[in-house]
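Listed here are the chains, written in short residue letters.
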Amino acid sequence: MSSMIAVTTTELDERQPLLHNPLSLSNEEVEISNTPSTSSSNASPPPTQRLLSLDVFRGLTVALMILVDDAGGAFPCINHSPWFGVTLADFVMPFFLFVVGVSISLALKKVSSKPLATKKVILRTIKLFLLGLVLQGGYFHGRHDLTYGIDVGKIRLMGVLQRISIGYLFAAMSEIWLVDSITVDSPMTFVKKYYIQWMIAFLFCTFYICLLYGLYVPDWEFEVPSTNLFGYEFGTKIVNCGVKGSLEPPCNAVGLIDRFFLGEHHLYQHPVYRRTKQCSVNSPDYGPLPPSSPGWCLAPFDPEGILSSLMAAITCFLGLQFGHILVHFKGHMQRLCLWSVYSFIILFTGYVFELLGIPFCKPLYTLSYMCITAGASGLALTIIFYIVDVKHFRKPTMILQWMGMNALIIYALAACDLFPAAIQGFYLGSPENNMVRLCFLFGCQPCSVLFLLHGIPPLNKYSVLTR
């Protein structure tokens, strides 16, 4: 008899706090047999286990996020692509969203009370969104500044956790309200059960494409801050557009919608396109502006904006469908084959869109980018599931599993600079002689490498003794 998998949670687990983990959204327990069963059909089902491969995948994503955030400055080749193209760092966000979708399918396999489940989803979405405002809205000033606080008129409204909360909300609501209650016993009933979700995802994609290519972008203006370090005179700058369908940094519909609904001062003020050749002499790294650089190089742009987050939610929907395969299909090899086939189809579709003229672009979250990153997410989950939950090679992945089960804490401490900022709060004589830089003084080589990757300059013994 083929090994079977069945989800044990009926709805969001009462024992878990609503914001236990931004990606581990519920009790992700499944029944997985350790070995193929040879007993009769009357044998008892295998014991319930947590889906460890999902924790490992989540932990691998967190580790990848820390790597590209900290080492991206030293190695621009793994940093986010300045605009068009895909690098290692550009897979982090889609991996997170894909894991969220898979988790939702396990958490909401059976919902006894749709209103109660909806209330819990909304509360969790609000908490996750507010946490993102605190961590990425500008309240904390980073590892080089011991102060904190933000002018509410300039707080950044969107961010990583906010995008995850939006994708989670759409995917969870569709799982609660748009799934047919029929029993899945054939491929046809599988399609009938979830076809409305697929239609919603298709409508999202269509709506996104229509706005991206059909919305007219007029000329617009922005304020150059007086504190800019590029030699520009502060004041109002005008960006000349007057086009439709542009995917370039200054004149795209994604930025237009964010400026209209969020406002210029609530967007990300250090956009990635400042590393393009038009805006940096050190491209693909940050650097001084070229002599003939356009004025829009200093304009704000949010890579986690409203319209791009709508497309990003489709990655959650695709993860949701991979979770449905995990729930309804018997046998490890059957699930692995289906996952592999669908992953390659999605990858191939992404490359076809790119050949048709839709470039890979993470800041815009283009359709081609969504497809290739979602396909890569499916392949990564397939490989990890085979290693961890089929072949049971778990000891080498224990650290990643722990990181995946504590993703929110690690994200806040590492990716949002809370840990290095807290360490720098301890200093000798003056804030410049903090614990971080003292690592260099006393030869703490691991710390030195870590903080160099964080962009913190070294401190020699003479600079300390002369203070």
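Here the structure is shown first, and the text comes after it.
These numbers come from a predicted model, not from an experiment.

A.B. asks: What's the story with the packing of aromatic side chains in this structure? I'm lost.
C.D. replies: Applying the stated criterion across every chain, the model contains 19 aromatic pairs. Judged by centre distance (6.4 Å) and plane angle (75 degrees), the rings of W83 and F84 are edge-to-face. W83 gets classed as buried once you look at its relative accessible area, which sits at 4%. Given a relative accessible area of 34%, F84 falls into the partly exposed group. Residues Y365 and Y369 carry aromatic rings whose centres are separated by 4.9 Å and whose planes lie at 90 degrees to one another, so their mutual orientation is edge-to-face. Taken individually, Y365 and Y369 each receive the classification buried, so the pair is uniform in this respect. Members of the aromatic cluster, joined through ring pairs, are W83, F84, Y273, W296 and F301. Sitting above the plane of the Y286 ring, R275 keeps its charged end 5.8 Å from the centroid.

A.B. asks: It is not clear to me how the environment of G350 should be interpreted in this structure. Could you clarify?
C.D. replies: Relative to the helices and strands, G350 is located in helix α8 (residues 332-355). A relative accessible area of 0% places G350 in the buried class. Taking the C-alpha atoms as reference, G350 lies 9.7 Å from T366; in sequence the two are 16 residues apart. If we ignore the near neighbours within four places in the chain, the residues touching G350 are F360, S368, C371 and I372.

A.B. asks: Can you walk me through the packing of helix α7 (residues 306-328) against helix α9 (residues 367-390) in this structure?
C.D. replies: How two helices pack is summed up by the angle between their axes together with the distance between the axes. At a closest axis distance of 10 Å, the pairing of α7 and α9 adopts a crossing angle of 30 degrees. By the angle class used here, α7 and α9 are roughly parallel. Considering how the two elements wind past one another, α7 and α9 form a crossing that is right-handed. Every residue of α9 that contacts α7 at M311, I314, T315, L318, F322 and L326 is listed here: L367, M370, A374, G378 and F385. Residues of the contact of α7 with α9, tallied by class, amount to 9 nonpolar, 2 polar and no charged.

How each quantity is defined
- Every chain begins its residue count from 1, and numbering advances along the sequence as written.
- In keeping with the model being predicted, local features are shown solely for residues with a pLDDT of at least 70 and side-chain atom pairs are shown and tallied solely at 80 or more, while totals for entire chains, interfaces and linings include all residues.
- For side-chain calculations, the full set of non-hydrogen atoms in the structure is used, while hydrogens and water are omitted.
- A pair of Phe, Tyr and Trp rings is counted when the ring centres sit within 6.5 Å of each other, with Trp represented by its six-membered ring. The angle between the planes then sorts it: under 30 degrees is stacked, over 60 is edge-to-face, the rest tilted.
- Here's how the labels work: a residue is buried when its accessible area is under 20% of the maximum for its type, exposed when over 50%, partly exposed in between, all with a 1.4 Å probe on protein chains only.
- Cation placement over rings: the criterion is NZ of Lys or CZ of Arg within 6 Å of the ring centroid and within 35° of the ring normal.
- Only DSSP runs of H or I covering at least 4 residues are called helices, and only runs of E covering at least 2 are called strands; the numbering of each starts at the N terminus.
- By definition in these notes, contact holds between two residues if any of their heavy atoms fall within 4.5 Å.
- All axes here are fitted lines through C-alpha atoms, helices being fitted over the stretch that makes contact, and every angle between N-to-C directions spans 0 to 180 degrees.
- Here is the rule for angles: anything less than 35 degrees is roughly parallel, anything more than 145 is roughly antiparallel, 65 through 115 is roughly perpendicular, and the remaining ranges are oblique.
- The handedness criterion is simple: a crossing whose near helix is rotated anticlockwise from the far helix by less than a right angle is left-handed, and one whose near helix is rotated clockwise is right-handed.
- Lys, Arg, Asp and Glu make up the charged group, whereas Ala, Val, Leu, Ile, Met, Phe, Trp, Tyr, Cys and Pro make up the nonpolar group; the residues left over, Gly among them, are polar.

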